[in-house]
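A structural walkthrough
So the chains spell out like this:
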Amino acid sequence: MTALVTGANGRLGRAVARVFMTESEVVRLGRTDLDVTDRNAVHAAVAGYRPSVVINCAAWTDVDGCELDPERAQRTNADAPRFLQEACDTSEAHLVHLSTDYVFDGAASIPYREDDPTGPLSVYGATKLEGEKAAGPTATVIRTSWLQTTDAPSMVDRFLRQLEEPGPVRVPADRQASPTFVDDLASMVSLLAADRYAGSRRV
């Protein structure tokens, strides 16, 4: 199996590439290697490398930035998955698209299910939801949250540093989320890609 990873230089992209490299040939394309908002470039890359699976880790995740520049958010988070799905359909590759819990409104008191009604409250969430739809019914869509990595500073590192210092540990009181460790997520991406699972999954 040949896996093509977009957004391969990001924290999730790096982890996904590491997992796939243990059993597959991996094509790692970072932002400077492939502009996912360029339809022709996307089609050319998929046609040229002919992967059996494309894992889209590319996204613009700056929530505040998306509010200030919704057109860029639209191009990166919504248009790019459409271009990737078009290219995958042509080459018979399977698309795995990474999404977010921001497609929900956050008002639930229990964990969301995949089939719960969506209701994004931000441009980021709205464009990511549009990207899910653009990925199409045959794609694997994985909604995740609050990514934590082992190869860069994370929430865990900040807490550990504060525990070593005198005084109270200060944490935000206005946010609730489920931390997702990228190595665990990357392993699940590999399993779902191998099965060509169609539809949304929360990981």
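A brief look at the structure comes next.

Considering the environment of Leu 121
Its place among the elements puts Leu 121 in the loop between β4 (94–100) and α5 (123–135). Judged by its relative accessible area of 70%, Leu 121 is exposed. It is 37 Å that separates the C-alpha atoms of Leu 121 and Glu 165, two residues lying 44 residues apart in sequence.

So, the packing of aromatic side chains
One pass over the full model with this rule turns up two aromatic pairs. Seen from their ring centres, Phe 104 and Tyr 112 are 4.1 Å apart, and the 5° between their planes marks the pair as stacked. We note that Phe 104, like Tyr 112, is buried. Looking at Arg 72, its charged tip hangs above the ring of Trp 60, at a distance of 3.9 Å from the centre.

Let's talk about the state of the cysteines
Overall, the coordinates contain zero disulfides when judged by the stated rule. Free cysteine Cys 88: the closest other cysteine sulfur is in Cys 57, separated by 13 Å. What makes Cys 88 buried here is its relative accessible area of 0%.

Some points on the pattern of salt bridges
Under the counting rule described, the total for this entry stands at six salt bridges. Put simply, Arg 18 and Asp 183 hold a salt bridge, and the shortest N to O gap is 3.1 Å. With Arg 18 in helix α1 (residues 11–21) and Asp 183 in helix α7 (residues 182–195), the pair connects residues that are 165 residues apart, well separated along the chain. Overall, the relative accessible area of 37% leaves Arg 18 in the partly exposed class. Across the pair Asp 79 and Arg 82 runs a salt bridge, and its minimum N-O distance is 3.2 Å. Of this pair, Asp 79 and Arg 82 both sit in helix α4 (residues 70–91), three residues apart, which is roughly one turn of that helix. The exposure class assigned to Arg 82 is partly exposed, which follows from its relative accessible area of 30%. Each member of the salt-bridge network shares a partner with another, and the members are Asp 79, Arg 82 and Glu 130.

Observations concerning the pairing of strand β1 (residues 2–6)
For β1, a buried count of five out of five residues is recorded, marking the element as mostly surrounded by other parts of the structure. With burial as the criterion, each face of β1 is covered, one bearing Thr 2, Leu 4 and Thr 6 and the other bearing Ala 3 and Val 5. The sheet contact formed by β1 and strand β2 (residues 25–29) spans five bridges and is parallel. Its bridge partner being in β2, Val 5 is matched across the sheet by Arg 28. Taken together, β1, α1 and β2 constitute a β-α-β crossover, and its handedness is right-handed. Looking at chain direction, β1 and strand β3 (residues 53–56) are connected through four bridges and run parallel. Residue pairing across strands places Ala 3 opposite Val 53, the latter belonging to β3.

Calculation criteria
- Per chain, residues are indexed from 1 in the order of the written sequence.
- Under the rules for a predicted model, residues below a pLDDT of 70 receive no local features and side-chain atom pairs below 80 are neither given nor counted, while totals for whole chains, interfaces and linings still include all residues.
- Working from all heavy atoms in the structure, the side-chain values ignore hydrogens and water.
- Helix numbers and strand numbers start at the N terminus; a helix is a DSSP run of H or I with at least 4 residues, a strand a run of E with at least 2.
- Categorising residues by exposure relies on relative accessible area from a 1.4 Å probe, with only protein chains included: less than 20% of the type maximum marks a residue as buried, more than 50% marks it as exposed, and the intermediate range marks it as partly exposed.
- The aromatic pairing rule takes the rings of Phe, Tyr and Trp, using the six-membered ring of Trp, and pairs them if the centres are within 6.5 Å, calling planes under 30 degrees apart stacked, those over 60 edge-to-face and the rest tilted.
- Cation placement over rings: the criterion is NZ of Lys or CZ of Arg within 6 Å of the ring centroid and within 35° of the ring normal.
- What counts as a disulfide here is a pair of cysteine sulfur atoms lying within 2.5 Å.
- We define a salt bridge as a contact between a side-chain nitrogen of Lys or Arg and a carboxyl oxygen of Asp or Glu at a distance within 4 Å.
- By this definition, two strands are paired if DSSP reports at least two bridges between them.
- Here the term right-handed applies to a crossover when the path leading from its first strand over the helix to its second strand runs clockwise, the strands being oriented away from the viewer.

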